[in-house]
Amino acid sequence: MDTYRNFIGGKWVTSNSSRTAENINPADTEDVIGTVRQATRDEARAAVEAAAQAFRGWRDTPAPARGKIVARAARLMEDHKEEISQLLTREEGKTIAESRGELQRSINVADFCAGEARRLNGETIQSELPLNFAYTLKQPLGVVACVTPWNFPVAIPVWKIAPALVAGNTVVFKPASLTPATAVRIVEIFEEAGIPAGVLNLILGSGSDAGDEIIGHPAVKAVSFTGSNSVGIRLYEQCSRRGAKVQCEMGGKNPVVVMEDADLELAVESTAQGAFGSSGQRCTATSRAVVVNDIADEFVSRITARAKSMRIGSGADPKTEMGPSVDENQFKTVIQYIDIGREDGATITCGGQRATGDGLDKGYFVQPTVFDRVTPDMRIAREEIFGPVLSVLRVKNFDEAMQVANDCEYGLSSSIFSNDASRIFRFVDEIETGMTHINSPTTGGEAHIPFGGIKGTGIGDREQGSTALDFYTDLKIVYVDYTGRKREGNLY
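Rules used in this analysis
- For every chain, the first residue of its written sequence is number 1, and the numbers climb from 1 along that sequence.
- It should be noted that, the model being predicted, local features are given only for residues of pLDDT at least 70 and side-chain atom pairs only at 80 or more, the latter also being counted only at that level, while totals for whole chains, interfaces and linings use all residues.
- Water and hydrogen atoms play no part in the side-chain values, which are based on all heavy atoms of the structure.
- Stacked, tilted and edge-to-face pairs are distinguished by plane angle, under 30 degrees for stacked and over 60 for edge-to-face with tilted covering the rest, among Phe, Tyr and Trp rings (Trp via its six-membered ring) whose centres lie within 6.5 Å.
- The buried label applies to any residue whose accessible area, calculated with a 1.4 Å probe on protein chains only, is under 20% of its type's maximum; exposed applies above 50%, and partly exposed to all values in between.
- For a Lys NZ or an Arg CZ to count as sitting over a ring, it must be within 6 Å of the ring centre and within 35 degrees of the ring normal.
- Only one rule defines a salt bridge in this text: a Lys or Arg side-chain nitrogen within 4 Å of an Asp or Glu carboxyl oxygen.
- In this description a helix means any DSSP run of H or I spanning at least four residues, a strand means any run of E spanning at least two, and both kinds are numbered starting from the N terminus.
- Axis definition: a line fit to C-alpha positions, over the contact stretch in the case of helices; interaxial angles, taken between N-to-C directions, run 0 to 180 degrees.
- Two residues form a contact once any of their heavy atoms are found within 4.5 Å.
- Note on residue classes: Ala, Val, Leu, Ile, Met, Phe, Trp, Tyr, Cys and Pro are nonpolar, Asp, Glu, Lys and Arg are charged, and everything else, Gly too, is polar.
- Helix span is expected to be 1.5 Å times the residue number reduced by one.
- By the convention used here, strands pair only if DSSP detects at least 2 bridges between them.
- The criterion for a disulfide is a pair of cysteine sulfur atoms lying within 2.5 Å.
- Patch membership needs two things, relative accessible area over 30% and no salt bridge, and members are linked within 9 Å if like-charged or within 5 Å if nonpolar (Val, Leu, Ile, Met, Phe, Trp, Tyr).
- For the accessible areas, the method is Shrake-Rupley and the probe is 1.4 Å, while residue cover comes only from the protein chains on display.
- The cut-offs work like this: below 35 degrees is roughly parallel, past 145 is roughly antiparallel, 65 to 115 is roughly perpendicular, and the gaps in between are oblique.
- Helix crossings get a hand from a simple test, with the near helix turned counterclockwise from the far one by less than a right angle marking a left-handed crossing and a clockwise turn marking a right-handed one.
- To form a nonpolar core, buried Ala, Val, Leu, Ile, Met, Phe, Trp, Tyr and Cys residues must be joined to one another through side-chain atoms within 4.5 Å.

Q: Describe in detail the packing of aromatic side chains, supporting the description with residues and values.
A: Counted under the stated rule, the structure contains 7 aromatic pairs. The interplanar angle of 45° and the centroid separation of 4.6 Å between the aromatic rings of phenylalanine 7 and tryptophan 12 together place this pair among those described as tilted. A relative accessible area of 3% places phenylalanine 7 in the buried class. Three or more aromatic residues link up through ring pairs in this structure, and these residues are Phe133, Tyr135 and Tyr482. The cationic tip of lysine 94 hangs over the ring face of phenylalanine 152; the distance from NZ or CZ to the ring centre is 3.7 Å. Across from the ring centre of phenylalanine 331, 4.4 Å away, lies the NZ or CZ of arginine 354, which sits over that ring.

See the structure below:
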């Protein structure tokens, strides 16, 4: 059984901390994968200082050379794709098919970012004065902290670390405490790819101690965070007091709108994928189905049947469609929200309790759950559950559907199922989310396309795509006067 180590200044270092936590397989709680020693504040500080010391050399490394290291990391992830996928499934619980998809997404992101190293372009700008011009440069910020969640413990770190490195920043990586093994494996990949000492550092520890030390350190010029709203807002407040740049990707309560002209078979299967895939543990999960009355009964009947047919089990079994909640706390949270839905008067059509039998008793499995006749004021319609729970809200028409879909503090993703072009484009115009899908699930994305939300979901620049470099760089404006003469008149 492994005891995971921190990576500081190019060396793997065992923590001096006496505080430990076990890394447990959520599909089989008797399977202990390893042990984490929670890093101390001193160790977190040492990681930041190592990154600060390495910054000048890394900044001065030509961007294409930085990109080559990220490209080598992509090839190494490709070489070890199955091994890391199996580790991801064992540690986080998602199905092996989902893990393989996450690894491919990570490889795609690293490949794209490596190419961006040759496109760190500015622009030349014509001056209003003769024999003058101006141009812009993108320059790195310095030390960047990447704070990542447990639900996509390979993809999200890669889509933060890769652009940060390509831009010329050094990184302190603080992953979620529940997924240390995959975090270590990612850093090992970058180490093997040739990352210089101190450029990438890993700290395994709690947010309240090690994380707080990293976030508050004056050498940390930017923080990229993905996680809950409560933590993200607190982090934003802390960083803004000292002028650090912040990017937060937080919660979602994503609606799918199903109109009477929809392909109902497609809408039901896509909603099931969005609601129950990854056990509902993704910020883009479909948690609300806003359905017009004309087809609501049929939709509920079909989505209930599909939920009942979901094959639940260990993600290592290729036949499994849905794995467990990530740990006991998350499992209890999902069960608590199901009880809240019942108490608020929603009609439960399937699921609603722990899944047992057939080898499930040792894991944190929740039955896929569908609530019908949910009203917009109910907590299960407003709060992020992060579990396999779908709320169906019935509406009279398109206008009411838009009102209900937008009645939410979050604004990450959405989708509509319809064949009416007028409605589709009205939906695109009016929906209050950063991303939207037409006749497909609320989940999904591509490495070269921006990712992110609005309203209570997102703070700062978008992630992924060419826009990812915006957060990790400062824009410098340069004025060039080649007249060789003193300028006359006002120098506004």
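Okay, back to it.
Q: Tell me about the pattern of salt bridges, residues and numbers included.
A: Taken as a whole and assessed by the stated rule, the structure comprises 33 salt bridges. Residue arginine 45 pairs with aspartate 42 through a salt bridge whose shortest N-O separation is 2.7 Å. Residue arginine 45 and its partner aspartate 42 are both found in helix H1 (residues 41–60); the two are separated by 3 residues, about one turn of the helix. Between arginine 185 and glutamate 188 there is a salt bridge, and its shortest N-O distance comes to 3.1 Å. Residue arginine 185 and its partner glutamate 188 are both found in helix H6 (residues 180–193); the two are separated by 3 residues, about one turn of the helix. A relative accessible area of 13% means that arginine 185 is categorised as buried. A single network of salt bridges, built from pairs that share partners, joins Arg19, Arg41, Asp42, Arg45, Asp209, Asp212 and Glu213.

Q: Could you give an account of the packing of helix H7 (residues 207–216) against helix H8 (residues 229–240), with specific residues and numbers?
A: Look at H7 against H8: their axes get within 9 Å of each other, and the N-to-C directions meet at 35°. Together, Asp212, Ile215 and Gly216 of H7 and Leu235, Gln238 and Cys239 of H8 make up the contact between the two elements. Taken together, the residues of the contact of H7 with H8 break down into 3 nonpolar, 2 polar and 1 charged.

Q: How would you explain H6 if you had to name every residue and give the values?
A: For H6, with 14 residues, the first-to-last C-alpha span of 20 Å sits near the 20 Å given by 1.5 Å per residue. The element H6 is extensively covered by neighbouring structure, given that 11 of its 14 residues are classed as buried. What H6 keeps buried is the set Pro180, Ala181, Thr182, Ala183, Val184, Arg185, Ile186, Val187, Ile189, Phe190 and Ala193. Positive phi appears at glycine 194, one or two residues downstream of H6, with a value of about 110°.

Q: Hey, could you go over the sheet that holds strand S23 (residues 473–481) for me, with residue numbers and the actual values?
A: Either a parallel or an antiparallel arrangement is found when strands of a sheet pair, and the pairing is made through backbone hydrogen bonds. Judged by pairing direction, the sheet is antiparallel, and its 3 strands sit side by side in the order S6-S7-S23 without closing on themselves. Looking at which strands have only one partner, the edges of the open sheet turn out to be strand S6 (124–126) and S23. Neighbour-to-neighbour, the strand axes of the sheet open up by a mean angle of 25°, direction not taken into account. In terms of strand pairing, strand S7 (residues 132–140) meets S23 through 9 bridges, oriented antiparallel. Across the sheet, tyrosine 135 pairs through a bridge with valine 478, a residue of S23.

Q: So what's going on with helix H11 (residues 328–343)? Residues and values would help.
A: A rise of 1.5 Å per residue sets the reference length of H11, with its 16 residues, at 22 Å; its end C-alpha atoms lie 23 Å apart and thus fit the reference within 8%. Turning to H11, its buried residues number three or more, namely Gln330, Phe331, Val334, Tyr337, Ile338, Ile340 and Gly341. Packing partners of the buried residues in H11 comprise strand S15 (347–350), strand S16 (369–372), helix H12 (379–382) and strand S17 (389–395). In the segment just after H11, glycine 345 is the residue with positive phi, at about 100°.

Q: Explain the sheet that holds strand S1 (residues 2–4) to me, and be specific about the residues and the numbers.
A: Strand order in the open sheet formed by 3 strands is S1-S5-S4, with mixed pairing between adjacent strands. Both outer strands of the open sheet, S1 and strand S4 (20–24), are each paired with one neighbouring strand and no more. Direction aside, the axes of adjacent strands within the sheet are offset by 30° on average. Sheet topology note: the S1/strand S5 (residues 32–37) ladder contains 3 bridges and is parallel.

Q: Residues and numbers for the state of the cysteines, please.
A: Overall, the coordinates contain 0 disulfides when judged by the stated rule. You can see cysteine 113 has no disulfide; the closest cysteine sulfur is in cysteine 146, sitting 11 Å from it. A residue is classified by how much of its surface remains accessible, and cysteine 113, at 4% relative accessible area, is buried.

Q: Could you give me a rundown of a nonpolar patch on the surface, with the residues and numbers involved?
A: A surface patch of nonpolar side chains, about 260 Å² in accessible area, is lined by Phe425, Val428 and Ile438. With respect to the helices and strands, isoleucine 438 occurs in strand S20 (residues 437–438). Judged by its relative accessible area of 33%, isoleucine 438 falls in the partly exposed class.

Q: So what about the side chain of aspartate 372? Which residues, and what values?
A: Tracing the sequence through the fold places aspartate 372 in strand S16. We classify aspartate 372 as buried; its relative accessible area is 6%. Not counting chain neighbours up to four residues away, the residues in contact with aspartate 372 comprise Val300, Ala346, Thr347, Thr349, Val392 and Arg394.

Q: Before we move on, can you summarise the packing of helix H13 (residues 398–406) against helix H14 (residues 421–430) with the specific residues and values?
A: Two elements in contact, H13 and H14, have axes separated by 11 Å at closest approach and are oriented at 25°. It follows that H13 is roughly parallel to H14 by the angle criterion. Helix-helix and strand crossings are classified by hand; for H13 and H14 the assignment is right-handed. Judged by residue contacts, Phe398, Asp399, Met402 and Asn406 of H13 engage Arg423, Arg426, Phe427 and Glu430 from H14. Residues that form the contact of H13 with H14 fall into these classes: 3 nonpolar, 1 polar and 4 charged.

Q: Account for the nonpolar core, naming residues and giving values.
A: Formed by 60 residues in total, the largest nonpolar core has its most connected members in Leu165 and Phe190. Considering every element that reaches this core, the biggest residue donor is helix H5 (residues 155–166), with 9 residues. Membership of the second largest hydrophobic core comes to 53 residues, among which are Met259, Ala289, Ile295 and Ala346.

Q: Any chance you could break down the environment of valine 36 for me, citing the residues and the numbers?
A: Checked against the element boundaries, valine 36 lands in strand S5. Taking the relative accessible area as the measure of exposure, valine 36 reaches 4% and is therefore buried. Valine 36 sits 379 residues away from serine 415 along the chain, and the two C-alpha atoms are 40 Å apart. Here valine 36 is in contact with Tyr4, Arg19, Thr20, Ala21, Pro180 and Leu204, once residues within four sequence places are set aside.

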